Amino acid sequence: MAAELHVELVAADRSVWSGEATLVVARTTSGDIGVMPGHQPLLGVLESGPVMIRTSDGGTVVAAVHGGFVSFADNKLSLLAEIAELSDEIDVKRAERALERAQSDADASAERRADVRLRAVATR
């Protein structure tokens, strides 16, 4: 079994992160999944949630992902997201204001996006 897998995290507008990893955890419509080197091939639909990537050098990359697809084959994992941003790119104060605004407007989808962004920051 290979010791690492190649990961590509791509949003509709840009490549967000690419590199070698030992573990990726993401939320799909079937539940949370963990993908390690040698995993069985898979294709799934991503739910909004944080994605955690354990890099080959022992670091951790966390991203807020909002919808998309995940595919794994031949030790290559592709996360194709509608929207994705790395946790260190997220402005916490702005996300908190967005959450408050969404709650006061009773906008469930905006509230979910803001919540995912704040959970990604808390996970890093």
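Look up: the structure comes first, before these words.
Residues numbered from 1 in each chain as written. Predicted model: local features only at pLDDT ≥ 70, side-chain atom pairs only at ≥ 80, totals over all residues. Heavy atoms only, no water.

Considerations on helix α1 (residues 92–105)
No. 1: Compared with the 20 Å implied by 1.5 Å per residue over 14 residues, the 20 Å span of α1 between its first and last C-alpha is a close match.
No. 2: Listing the buried residues of α1 in full gives A95, L99 and A102. Looking straight down α1, one finds its buried side chains confined to an arc of 70°; they lie on one side. Turned more than 90 degrees from where α1 packs its buried face, K93, R94, E100, S104 and D105 sit exposed.
No. 3: Tucked into the core, α1 has its buried residues touching α2 (108–123).
No. 4: Among the residues of α1, the N-terminal cap falls to D91, whose side-chain oxygen and the backbone nitrogen of K93 are separated by 3.1 Å. (Helix = DSSP H or I, 4+ residues; strand = E, 2+ residues; numbered from the N terminus. Expected span 1.5 Å × (residues − 1). Buried < 20%, exposed > 50% of the residue type's maximum accessible area, 1.4 Å probe, protein only. Arc of directions from axis to C-beta. Contact = heavy atoms within 4.5 Å. Polar contact = N/O pair within 3.5 Å; in protein donor to acceptor, adjacent residues only side chain to side chain.)

Some details on a positive patch on the surface
No. 1: Residues K93, R94, R97 and R101 make up a contiguous surface patch of positive charge.
No. 2: Relative to the elements of secondary structure, R94 occurs in helix α1. (Patch = residues over 30% accessible without salt bridge, like charges linked within 9 Å, V, L, I, M, F, W, Y side chains within 5 Å. Areas by Shrake-Rupley, 256 points an atom, 1.4 Å probe, with all protein chains shown as cover. Salt bridge = Lys/Arg side-chain N within 4 Å of Asp/Glu carboxyl O. Lys, Arg positive; Asp, Glu negative; His and termini not counted. Charge placed at Lys NZ, Arg CZ, Asp CG, Glu CD.)

Description of the nonpolar core
No. 1: In this structure, V7, L9, V24, I53, V65, L77 and L79 are the most contacted members of the largest nonpolar core, which totals 24 residues.
No. 2: Contributing elements (two or more residues each) for this core: β1 (5–11), β2 (14–28), β4 (42–46), β5 (49–55), β6 (60–73) and β7 (76–86).
No. 3: Not counting residues within four places of it along the chain, the set of residues in contact with V7 comprises W17, S18, G19, A21, V24, I53, L77 and L79.
No. 4: M52, V62, A120 and V121 belong to the second largest nonpolar core, which has eleven residues in total. (Core = buried A, V, L, I, M, F, W, Y, C linked by side-chain atoms within 4.5 Å.)

A closer look at the side chain of T28
No. 1: Mapped onto the fold, T28 is located in strand β2.
No. 2: A relative accessible area of 8% means that T28 is categorised as buried.
No. 3: Those residues in contact with T28 that lie beyond four places of it in its chain are I33, V45, L46, E47 and V70.

Focus on the layout of surface pockets
No. 1: Estimated volume of the largest pocket: approximately 220 Å³.
No. 2: Lining of the largest pocket is provided by R94, A98, R101, A102, D105, D107, A110, R113, A114 and R117.
No. 3: For the lining of the largest pocket, the elements supplying multiple residues, two or more each, are α1 and α2.
No. 4: No other element matches the five residues that α1 contributes to the lining of the largest pocket.
No. 5: Residue composition of the lining of the largest pocket, grouped by class: four nonpolar, no polar and six charged. (1 Å grid on protein atoms, 1.4 Å probe; cavity = no way out; pocket = protein on both sides within 12 Å on 5 of 7 lines; lining within 4 Å. Points joined across faces, edges and corners; volume = space filled by probe spheres on them. Nonpolar A, V, L, I, M, F, W, Y, C, P; charged D, E, K, R; others polar.)

Describing the pairing of strand β3 (residues 31–35)
No. 1: Two elements, β2 and β3, share five bridges in a ladder whose sense is antiparallel. Residue pairing across strands places A26 opposite I33, the latter belonging to β3.
No. 2: From the end of β2 to the start of β3, which pair antiparallel, there are two residues. (Pairing = 2+ DSSP bridges.)

Points about the pairing of β1
No. 1: Residues of β1 alternate between two faces, with L5, V7, L9 and A11 buried on one and H6, E8 and V10 left unburied on the opposite face.
No. 2: Where β1 lies against β2, seven bridges are found, and the strand directions are antiparallel. Paired with L5 across the strands is A21, a residue of β2.
No. 3: Hairpin connection from β1 to β2: two residues lie between these consecutive antiparallel strands.
No. 4: Pairing between β1 and β7: six bridges, direction parallel.

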